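Okay, here's what each chain looks like letter by letter:
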Amino acid sequence: MPTLTNKRVLLGITGGIAAYKCAELSRLLIKAGAEVRVVMTRAAREFVTPLTMQALTGNRVHLDLLDADAEAAMGHIELARWADLVLVAPASADFLARAAAGRADDLLTTLLLATSASVAVAPAMNQGMWSDPATRRNLDALQARAWRVFGPAEGDQACGDVGPGRMLEPAELLESCAGLFAGEPLAGRHLLITGGPTREAIDPVRFLSNHSSGKMAYALAAEAAAAGARVSLVSGPVALPAPERVARIDVVSAEQMRAAVLERIGDADVFIGVAAVADYRPAQAAVEKMKKNEREMRLELVRNPDIISEVAGLAERPFVVGFAAETADLLANGREKLERKGLDLLFANDATGTFDSDEVAATAIFAGGELEIPRSRKEAAARKMLALIAERLPAAAAST
């Protein structure tokens, strides 16, 4: 099945009888994993109602350029920035002419001038209009701006003519949209990522923890989602907002993190263990706050579960990626961890320059090789890490 996992599709509907097909088209786009928002021209509302499209997509339908509520927040710019793909279907002859001229006289044409997203049009018109030299010039102008043209098909038309000009069927348009993102190697795959520290309770007000900020895991989650992956982020306590298009599962302790991971590992294609899981926890947490009565306090500690080793040891396991924050012998300790835990890939970094920093330098360690990732912002490093994961990921079918 075509996948549009985590993609944001802005569906522009113009005036034409083929507009009725947009109900099925929006349903298929959502089923393929996309979030869909709709912009309708005034003429489009004569063929399909905004209420229909709102009910199908679950999102407000955008209608007017000069909408006081939306424009208070520059709504047309927000929509232009939001989309990964703008699909205009049906694209009438009038719309193609206005778009080719660079007009900005309604919401749809205005946001198309503002967007940096991919743009595709699905023409739908009478066969004579489609064959007219003016329409051909307009299409040439739009394709010169890297717009994609899906269709049209040939066949019977509503006016009684037969010939080219029919809008492609919704299933064909879905295939064409998915094809625009087919080069993304993580598209449709499920990445399960752990991030942040864990807190191990001593009593109701005290705990053992570490300095992890979660920034590396959150950067990986955000970049993977943007690349079309389905991302589950099991997060310890951090002061970071959940990345867009990422399912965040909040936990506190190592035991809670382990349970959340094992609950979701069954359909994961990749497991990335970025979390700084506390190695030990108090053998027994006090029920009430411990009073400061003695000169010394002694805690009995027990080992926490080794989550990444447990995942790597599963009979049916995903591609397993680890992180090693070291203070000495970076490469030696990293490779020892890779081999001891049975990982597919490990990123080793200097702990003193990583915790709570916006930048990171790392060395990717894998069987038979190493690769340096120069110091850069964690978002940029995350993209390089994901590219390496995708390159080494077995060519298994994406999760659906």
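Calculation notes
Residues numbered from 1 in each chain as written. Predicted model: local features only at pLDDT ≥ 70, side-chain atom pairs only at ≥ 80, totals over all residues. Heavy atoms only, no water. Helix = DSSP H or I, 4+ residues; strand = E, 2+ residues; numbered from the N terminus. Buried < 20%, exposed > 50% of the residue type's maximum accessible area, 1.4 Å probe, protein only. Contact = heavy atoms within 4.5 Å. Areas by Shrake-Rupley, 256 points an atom, 1.4 Å probe, with all protein chains shown as cover. Lys, Arg positive; Asp, Glu negative; His and termini not counted. Charge placed at Lys NZ, Arg CZ, Asp CG, Glu CD. Salt bridge = Lys/Arg side-chain N within 4 Å of Asp/Glu carboxyl O. Polar contact = N/O pair within 3.5 Å; in protein donor to acceptor, adjacent residues only side chain to side chain. Pairing = 2+ DSSP bridges. Axes fitted to C-alpha atoms, helices over the stretch in contact; angles between N-to-C directions. Parallel < 35°, antiparallel > 145°, perpendicular 65-115°, else oblique. Left-handed = near helix turned anticlockwise from the far one by under 90°. Nonpolar A, V, L, I, M, F, W, Y, C, P; charged D, E, K, R; others polar. Expected span 1.5 Å × (residues − 1). Arc of directions from axis to C-beta. Patch = residues over 30% accessible without salt bridge, like charges linked within 9 Å, V, L, I, M, F, W, Y side chains within 5 Å. 1 Å grid on protein atoms, 1.4 Å probe; cavity = no way out; pocket = protein on both sides within 12 Å on 5 of 7 lines; lining within 4 Å. Points joined across faces, edges and corners; volume = space filled by probe spheres on them.

Caption draft 1: How the structure looks around the overall build of the chain. Each helix and strand in the chain was counted, giving 14 helices and 19 strands. The buried share of the chain, taken over its 400 residues, is 49%. Long-range contacts, defined as pairs at least 24 residues apart, comprise 69% of the intrachain contacts of the chain with a sequence gap of at least 6. Total accessible area on the chain stands at roughly 19000 Å², and carbon and sulfur atoms take up 50% of it. The positive charge centre, built from 44 side chains, and the negative charge centre, built from 51, are 3 Å apart in the chain.

Caption draft 2: Quick peek at the pattern of salt bridges. Per the counting criterion, the structure on display carries 26 salt bridges. Across the pair K215 and D358 runs a salt bridge, and its minimum N-O distance is 3.0 Å. One end of the pair, K215, is in helix α10 (residues 215-226); the other, D358, is in the loop between β17 (345-350) and β18 (359-366), with 143 residues separating them in the sequence. Among the residues examined, K215 registers a relative accessible area of 23% and is labelled partly exposed. Where D250 meets R248, a salt bridge forms, and the shortest distance between an N and an O atom there is 2.8 Å.

Caption draft 3: Highlighting the environment of E359. Along the chain, E359 falls in strand β18. Note: C-alpha distance between E359 and A380 (21 residues apart in sequence) is 9.0 Å. In terms of polar contacts, E359 uses its side chain to reach the side chain of R375, at 3.3 Å.

Caption draft 4: A look at the pairing of strand β19 (residues 369-377). Where β18 lies against β19, seven bridges are found, and the strand directions are antiparallel. Opposite I365, over in β19, you have E370 as the bridge partner. Between the antiparallel neighbours β18 and β19 lie two residues, among them G368 with a positive phi of about 85°.

Caption draft 5: Structural detail: the pairing of strand β9 (residues 200-203). Taken together, the three bridges between β9 and strand β10 (residues 206-208) define a ladder with antiparallel strand orientation. The partner of A201 across the bridge, within β10, is F207. Counting the residues that bridge the hairpin from β9 to β10 gives two residues.

Caption draft 6: The packing of helix α1 (residues 22-31) against helix α2 (residues 50-57), seen in detail. At their nearest, the axes of α1 and α2 sit 9 Å apart, and the two run at 15° to each other. When the interaxial angle is binned, α1 and α2 end up roughly parallel. Remark: the crossing between α1 and α2 carries right-handed chirality. On the side of α1, the interface is formed by C22, A23, S26 and I30, while α2 contributes M53, L56 and T57. A per-class count over the contact of α1 with α2 returns five nonpolar, two polar and no charged.

Caption draft 7: Representation of helix α8 (residues 133-144). The end-to-end C-alpha distance of α8 is 16 Å, a good match for the 16 Å that twelve residues give at a rise of 1.5 Å each. T135, N138, L139 and L142 are the residues of α8 that are buried. Down the axis of α8, the smallest arc covering the buried residues is 100°, so these residues share one side. Exposed residues on α8 whose side chains face more than 90 degrees from its buried face are P133, R137, D140 and A144. Looking at the packing, one finds that the buried side of α8 touches α5 (93-100), α7 (127-131) and β5 (148-149). Here α8 starts with a cap whose side-chain oxygen sits 2.9 Å from the backbone nitrogen of A134, and that cap is D132. Residue A146 follows α8 closely and has a positive phi angle near 70°.

Caption draft 8: Region of interest: a nonpolar patch on the surface. A cluster of nonpolar side chains, contributed by Y280, M297, L299 and L301, occupies part of the molecular surface with about 360 Å² of accessible area. Residue L299 is classed as partly exposed on the basis of its relative accessible area of 36%.

Caption draft 9: Main features of the layout of surface pockets. Of the volumes computed, that of the largest pocket is approximately 1000 Å³. In terms of lining residues, the largest pocket is bounded by 44 residues, among which A275, A276, V277, F323 and K337 are the most central. Residue assignment for the lining of the largest pocket shows that the elements contributing at least two residues are β8 (190-195), α10, β13 (270-273), α12 (307-312), β16 (319-326), α13 (330-341) and α14 (378-392). Within the lining of the largest pocket, the residues separate by chemical class into 19 nonpolar, 14 polar and eleven charged.

Caption draft 10: A look at the sheet that holds strand β4 (residues 118-123). Spatial strand order, β2-β1-β3-β4-β5: five strands in an open sheet with parallel pairing. Pairing within the sheet leaves two strands with one partner each, and these edge strands are β2 (35-40) and β5. Across six bridges, the pairing between strand β1 (residues 8-13) and β2 is parallel. Pairing of R8 across the sheet is with E35, part of β2.

So yeah, pure geometry; function would need other evidence.
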